[in-house]
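# Working through the structure, step by step
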Amino acid sequence: MVMFGHFVLLVLIGGAMSAEVQRPRGVPLSKRQFYEEDKPFTCLDGSRTIPFDRVNDDYCDCLDGSDEPGTAACPNGNFHCTNAGFRPGFIPSSRVNDGICDCCDTTDEYNSGVDCQNTCRELGRKEKEELQKMAEIAKEGFMFKKQLIHEAKQGLEDKKSKLGDVQNSKKDLEAKVEALRTVKETAEQPEKEAKERHLKAWEEQKAVIRMEKDKARMADVFLELDDDDDGFVSFTELQSHSELDPDSDASFTEAEAQGLLGGVDKVDTVAFETVWNNIKEKYASESTADVPPPGETTQEETRDPSSDNDSENYPDEDIPEEDDDEDMDEDDEDMDEGDYKPPSTSQTDDKKDDDEEGTMPPYDQETQTLIDAAQKARDEFNEAEKALREVEDQIRNLEKEISFDFGPSSEFAYLYSQCYELTTGEYVYRLCPFNKVSQKPKFGGSETNLGTWGKWAGPEDNIYSVMKYEHGTGCWQGPNRSTTVKLTCGKETVVTSTSEPSRCEYLMEFTSPAICQDPSSSDSGHPDHEEL
Amino acid sequence: MCCWFFLRRMGPVLLLWLAVCLSGSWAVDKGNFKTCDQSAFCKRQRAMKPGESPYRALLETMELTNTRLTLQLINDNNKVRLLLELYRLQGNITRVKINELKPLKPRYEVPDVLIREPPTEPLSLLSQDENGVVLSLGAESQRVIVSARPFRLDIVEGRDVLMSLNSRGLLGFEHLRMRKDTFSYKVTSTVASVWDNIKRTAKEEEEKVEDGMWEETFKSHTDSKPSGPSAVSLDFSLPGVEHVYGIPEHADTLKLKTTDSGDPYRLYNLDVFQYELYNPMALYGAVPVMLSHNAQRTMGIFWLNAAETWVDISSNTAGKTVFGKMLDYVQGSSETPQTDVRWISESGIIDVFLMLGPTPRDVFSQYASLTGTQAFPPLASLGYHQCRWNYNDQEDVRSVDAGFDEHDIPYDFIWLDIEHTDGKRYFTWDPHKFASPKEMLQGLLDKKRKMVAIVDPHIKVDTNYKIHNEIRSRGFYVKNKDGGDYEGWCWPGSAGYPDFTRPDMRAWWASQFAYDQYEGAMENLYTWNDMNEPSVFNGPEVTMHKDAMHESWEHRDVHNLYGLYVHRATAEGLVERSGGVERPFVLTRAFFAGSQRYGAVWTGDNAAEWDHLKISIPMCLSLGLVGISFCGADVGGFFKSPSTELLVRWYQTGAYQPFFRAHAHLDTPRREPWLFGPENTALIREVIRQRYTFLPYWYQLFYLAYHTGEPVMRPLWVEYPQDPATFALDDEFLLGRDLLVHPVTEEGARGVTAYLPGKHEVWFDIHTFQKHNGGQNLYIPVTMSSIPVFQRGGSIIPRKLRVRRSSTCMEHDPYTLYVALDNQRTAEGELYIDDGHTFNYEKKELIHRKFSFANGVLSSVCVASSQRFSLPCSSSSDLDTKE
């Protein structure tokens, strides 16, 4: 500290003393008593006492800046503007004589050469009007709010009583479902037995039919094979059917043919019965040689074509994402949710039963009656169960809504399940309170989620003044989109502005009567009187 | 702002292209930029072996006039002759020019960089024999020795060799030639010259044709190289030198490293996305000036060539440890240390200025005598600048402006990046977001504040855009190799690039800044040129094709000059719009030697990382050494989001660097100074206010830089040239002679160790006034509010302690002189005052006084007197001293 000289050279000196009579320039009335002319001045922090002529001499003596209330000399000083006709106020000393009019009474620019106009009266009038307008809005808004509170209360009561009702009806429904389940099960038992009986009979009948068909075919084949119509099928005649070659080695030898005929040269119709059982699997009718055997229709042809192409419905993970292109992202998502259809599972396999044996005969009257009865019981049961599920949903929703934080007096309840839009140059913004915020390009394009309901996020003393919506669509190299909704008092419920102050962090201004304060109890918001 | 990578506003074609190119890695994609091996001429030249120079001086061709020596050189391998010109320039500079004696067509000689044809001094012949000649360089027994075989130049003072050229035999000069397979139908000149060419071509037959001589492909881009090989290169040996500096722009240490084990330092203006630190890759600007320094002498080499250039550095002591060097010293052994430098350029000629010092100040003034000095900026531009990509709309601008007042933080300029335009059409405003720019500018003017709006040199191809139509109809666009208008992708999509090398184009461009042309502009609107490397998103190495044409020259020849021309035309526009009265302020990203004459430069798209904060110091120091004093880095870091600690430390560093601007990428969260809690707001407020209190000193330093070319922000060795401890310091710096700054650039730092130079100096902490002796390493404990800054004992620094909303608001405020006494209880200083914004200082409308304090008396004399402010030219006053 020794050698450092600290000198001030005033090269361009400003401040001449003013003609202020009652108190030094820049001193508020409330501090008048500390500035007594002809007495030494003690800095307001008590740190130092100086001759009075060093007050407002444009040189800072007090650490707290109190010796220069009317000049810009002290870095931490304040200048008081009386602003007659408007609100008095303080400005930082650094704004005294800086060539910019700050005090509406022009007192801060007494030596800068700038020509300030006294605008206090005008400002006062405007402020008064503004305050009146605000008060008007607040008053009306608050009336609306009271109504909203009343409605919310009513609504809550309604919902609670409805919840009670629904809970009661749920009980009834539960009982009904149980009863119908018993009825259903009772009706299904005889139905099942009757159906099984019917099915068994049909199976037996089918076996008979199948055997007869086989016999008929055997006879046909015998005739077909018996080329010389001698009533016998000989091994030579058999040899013309190369598909019957037991080792399929492209040479159907005599011995092999004889082997098929049971070691003899030829067989008659009776003996052919044994032979038939050996060859019928392989035998190809001469007239229908090209037709594939029934029942082996190629599976592929009958598949639902969509099952081959379902990859089209998925976004391809291997394609590098076009990163920040918002629209693309959303397209992908929409496709995930909307356009994608699961591959069809409908198959045609069950068809093949009824070719050879014909269709199962209809149920007899008795069985049909049982079935109808069971079906009716099932339908009634399903319907009751569905009704129960609906009621349960209803209860859940009601409970959620009843327990939701709609403000101290549930005044925000009316916003629930509503949506409000604002159209700007490029986008339509949509706020669905307690649900989500979204943005949609005005001229086509898909919607972007700017956040789903998160929480009330106002300052501690006014937590219901801000809503926070979070976890919206992600940003390239950035956070998920989120929106802060600032609520202000208004007669109407309107989104008044939106902006994106920081990338992917949106700000929405929203007016609602529900945030209006009781105008009769909130004078403190308007500092009409001088602060001490 | 701006990386070429940012995609949101790009068309779909580019989107896909980028998606392929960039698979999400963060750092620079080195593969997008050439190594020396991938640059055919660099590879060819670097393959040359030392000690095999084919060049011989033909002494019989020597002609010596009063001012100039000329001499032919012959390449004994191919018999091609070169013409050497040697000049002695005023101020201890030697200029060496080498060109082909009879080039096939003219080779490019860089225009518009030298401020005039440098005045010469007489050369005289001292002796001559068959081995060489000795010429006197005038005073100080300086001689230049020209050796004939092999050709070499030595500059000698007394018995010391200062510098040798081609001592390693790496002079390379690829003469222009006809392409063998096509020359017969390409030649259009006279029969005689055809015959000459044929003869010459025949002689070359033994020369091998290498890949990349007539065509070169990098990634998907082919360079058609219509002129074939045309590289030039030359080596310089610097005996006794271990420290070389300069050749910005590189994100590297102040002391340049040897390049033997890697790539040479590259000078090729490029838009490098997310650049990497501590490597020799090219960045946005290029100044081909290197300084060498040892305790005896400082010198400079100015290689005047605007083509792609590579600089190799090697040293015979590079590998040695401190102990090894000590051993050499003790044993008096071995060789003297020596640094060898080699410059390689793709085209043009060799035109090199050897600035022979001997002091650092001499080198600065020598270089200034060639390329001019720092433009004297308007005072307000030395204040704080608030920038962001992007302030969204007028309301945003208004509320940020109001935020500064609410938090009582001064600022002078608020900036608008590309989003303020109507669809990236420069000189226009977004009709919705900036519907009434004049209203906005008036709002700022009412608070004596200003705005900068960006104007980039790429012009949207859009027939509804006036600027495009006019440039196209006047034929002002750069042409592609086939003669059509060159088009590339940039922010607006398809864009043309005006040919700023043309004086008529620059004049037209300048006229666009006139108030009746640039709609919405007012006197408090200034300009920022970004992307002027030029950046071409889909071009080779993100820049223009080398075979694009600027009238008769290839882009190859002029590349590094393009950004300077853009900057110049813009600055001239701002001067002209005020009728030549007002000083311009223009910021540029690309630059070249001479760019200091047009305004400020910043270090481009850095990142919010501690290492980037650290590198801002050597990057700006390197620029200052080569004349560009008005340098700054984006405070906070452009890419990514800084921690609060980093942001505060960056403000504390940036406040003591010449160009002080906070900037942020579009995708980063907001970071206006008041968004990080009251405590940090207070820290940032305090440091910005410190900046404002020092504005008189900054202004005076810039006036000095404008006058002398001395850097404002300078390495310690500039002031303590004989103290080797300062030679490699780049974590601290001096502002002028009198302020020493050691910013805190370590995360969680508890203290820093600052070197206080000068055995007989004393240094005073500017906050506590605590005195410290010089010539020591001082450990300084730090807290978040600490910024270690020291005032030199023996200095007087003028400050203004009434910090107001902006510098203009402080115009009439009193000055406070901080007198720091040295051990003899004396001090000296200066004060410079003018109107802060016009050129009237040229008419001596200024006050410039010199203060001295001795025997308890402060006296002042005028350095320059003024007609307008009639003050007595000397005065003194007794002062009561606070000790």
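Residues numbered from 1 in each chain as written. Chains lettered and ligands numbered in written order. Predicted model: local features only at pLDDT ≥ 70, side-chain atom pairs only at ≥ 80, totals over all residues. Heavy atoms only, no water.

Below, the discussion takes up the environment of Ile155 of chain B. All names here are of chain B. Along the chain, the position of Ile155 falls in strand S9 (residues 152-157). The spatial distance from the C-alpha of Ile155 to the C-alpha of Leu165 is 8.5 Å, given a sequence separation of ten residues. Among residues more than four places away in sequence, those in contact with Ile155 are Thr94, Leu137, Arg143, Val144, Asp160, Val161, Leu162, Met163, Leu354 and Leu356. (Helix = DSSP H or I, 4+ residues; strand = E, 2+ residues; numbered from the N terminus. Contact = heavy atoms within 4.5 Å.)

The sites that UniProt annotates as "domain: EF-hand" (unreviewed entry) are residues 213-248 of chain A. The distance separating the terminal C-alpha atoms of residues 213-248 of chain A is 28 Å; by composition the span is 50% helix and 6% strand. (UniProt positions renumbered as here; feature names shortened; annotations may be inferred.)

With that settled, consider the domain arrangement of chain B. Residue and element names in this part refer to chain B. Along its sequence, chain B is organised into domain 1 (48-175 + 231-371) and domain 2 (379-455 + 506-534 + 558-714). When each unit is reduced to the centre of its C-alpha atoms, the spacing between domain 1 and domain 2 is 36 Å. Along the contact surface separating domain 1 from domain 2 lie three salt bridges. One can count 16 residue pairs in polar contact (both at pLDDT 80 or more) joining domain 1 with domain 2. Put simply, the parts of the chain that give the side of domain 1 that touches domain 2 at least two residues each are strand S15 (243-246), strand S17 (289-293) and helix H6 (360-371). Looking at the side of domain 1 that touches domain 2 element by element, the count peaks at six residues for H6. (Domains from an automatic or database assignment. Salt bridge = Lys/Arg side-chain N within 4 Å of Asp/Glu carboxyl O. Polar contact = N/O pair within 3.5 Å; in protein donor to acceptor, adjacent residues only side chain to side chain.)

Moving on, we come to the state of the cysteines. By the definition in use, this model includes ten disulfides over all chains. A disulfide bridge connects Cys101 of chain A with Cys116 of chain A, and the sulfur atoms are separated by 2.0 Å. Its S-S torsion of approximately -90 degrees makes the covalent link between Cys101 of chain A and Cys116 of chain A left-handed. Residue Cys101 of chain A is found in the loop between strand S5 (89-92) and helix H1 (120-225), and its partner Cys116 of chain A is found in the loop between S5 and H1; the two are separated by 15 residues along the sequence. When its relative accessible area of 37% is taken as the criterion, Cys101 of chain A is described as partly exposed. Between the sulfur atoms of Cys36 of chain B and its disulfide mate Cys42 of chain B the distance is 2.1 Å. Taking the sign of the torsion about the S-S bond as the criterion, the disulfide between Cys36 of chain B and Cys42 of chain B, at about -100 degrees, is left-handed. Of the residues examined, Cys36 of chain B reaches a relative accessible area of 2% and is grouped as buried. By relative accessible area, Cys42 of chain B is classed as buried at 0%. (Disulfide = S-S within 2.5 Å. Buried < 20%, exposed > 50% of the residue type's maximum accessible area, 1.4 Å probe, protein only.)

A few words now on the confidence of the model for chain A. Residue and element names in this part refer to chain A. Of all residues in chain A, 80% have pLDDT values of 70 or greater, and the mean over the chain is 80. Per-element confidence in chain A ranges from a low mean pLDDT of 39 for strand S1 (residues 4-9) to a high of 96 for strand S12 (residues 466-470). Here residues 289-354 scores under 50 on pLDDT; set against residues more than four positions off or in separate chains, the count is 46 contacts. In this model, residues 523-532 is a region of pLDDT below 50 whose contacts with residues beyond four sequence positions or in other chains number nine contacts. (pLDDT = per-residue confidence, 0-100.)

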